[in-house]
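Letter by letter, the chains look like this.
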Amino acid sequence: MNIILFGPPGAGKGTQAVNISNNHKLYKISTGNLLREEVKNNTDIGQKIKSFLDKGMLVSDDIINDLIKLILSNIKIYNGLIFDGYPRNLQQAKELDLLIKEKKQKISCVINLDVDKESLVKRILGRQTCSNCGLIFNKFFNPVNKNNHKCEDKYIIKRSDDNEKTIRDRFETYINKTLPILRYYKEQNLLHQINGEGKIDDISNEISSIIASIVT
Ligand SMILES: [Zn+2]
């Protein structure tokens, strides 16, 4: 079974990808990690990647496709993948279809964590983390107070890059890039929309039941 997971930045996609990977014994593929790994090991592909990164450019689709080809050829993880953050554009999605067919596999389902923009902004913008004990609160949904937290106020921090405009821009960029891909998978009857605003465990359970319902 091969699964693709989509979700806007800040929607908890990373957490869910790890959960799915653990619960269903799937190998998690993140292109970011793949790229770093190749650079670290100084492979042929790694050297090409490095020349893109050194110039501050996005790594080309050709290189991404080469990496995915390697992954799909790896017998140890044959037909047991969860893609996290890939494909990033329609071209990559179409290329993945060709590669995966070539390797006698298929995409079993595509799961999208659907989150409303305003609540996502609040979720990220309102995040309050205690640098002392590590507890996480939210100004809008679960504000820190004397009853739920014992450390001094000075330990409460917000991520510095989490200003509202950045979050909104990131969301818009994500939606614009992702909608055509989701449409593409919807036409193939592979797309499952999940409400990404519930509790982490509830979302995990919903994903699990979707996966359980798939006949491979
Ligand atoms: Zn604390």
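Presented here is a report on the structure given in the accompanying data block. Remember, predicted model here, so these are calculated numbers, not experimental data. (Residues numbered from 1 in each chain as written. Predicted model: local features only at pLDDT ≥ 70, side-chain atom pairs only at ≥ 80, totals over all residues. Heavy atoms only, no water.)

All right, on to the coordination of the zinc ion then. Coordination of the zinc ion by the protein comes from C130 (SG), C133 (SG), H149 (NE2) and C151 (SG), over a distance range of 2.1 to 2.3 Å. Here the zinc ion is ringed by four donor atoms whose angles at the metal span 101 to 118 degrees, and the overall shape comes out tetrahedral. Ordering the donors of the zinc ion by residue number gives the pattern C-x2-C-x15-H-x1-C. Of this pair, C130 sits in strand β5 (residues 127–130) while C151 sits in the loop between β6 (136–138) and β7 (156–157); the two residues are 21 residues apart in sequence, bridging distant segments of the chain. (Donors = N, O, S within 2.8 Å, 3.2 Å for Na, K, Ca; no water. Tetrahedral: all angles 85-135°; square planar, octahedral: opposite > 155°, others 65-115°. Helix = DSSP H or I, 4+ residues; strand = E, 2+ residues; numbered from the N terminus.)

Right, let's talk about helix α8 (residues 200–212) for a bit. Its 13 residues place the ends of α8 18 Å apart at the C-alpha level, agreeing with the 18 Å of an ideal helix rising 1.5 Å per residue. Burial in α8 covers these residues: I203, S204, I207, I210 and I211. Looking straight down α8, one finds that the buried residues subtend no more than 120 degrees of arc, so they occupy a single side. Counted as exposed and oriented over 90 degrees from the buried face of α8: D201, N205 and A212. On its buried face, α8 is in contact with β1 (2–6), α1 (13–23), β4 (109–114) and β8 (191–195). (Expected span 1.5 Å × (residues − 1). Buried < 20%, exposed > 50% of the residue type's maximum accessible area, 1.4 Å probe, protein only. Arc of directions from axis to C-beta. Contact = heavy atoms within 4.5 Å.)

Further remarks concern the sheet that holds β8. Sheet strands pair by backbone hydrogen bonding; their relative direction is either parallel or antiparallel. A sheet is described by the order of its strands in space; here five strands give the open sequence β2-β3-β1-β4-β8, paired in parallel fashion. Of all strands in the sheet, those bounded by a partner on one side alone are β2 (27–30) and β8. Direction aside, neighbouring strands of the sheet carry axes that sit 25 degrees apart on average. With four bridges connecting them, β1 and β4 associate as parallel partners. The partner of I4 across the bridge, within β4, is V110. Across the sheet, helix α7 (residues 164–187) lies against β1, β4 and β8, angled at about 145 degrees from β1, the strand it touches most. (Pairing = 2+ DSSP bridges. Axes fitted to C-alpha atoms, helices over the stretch in contact; angles between N-to-C directions.)

Worth remembering: the numbers are spatial, not functional.
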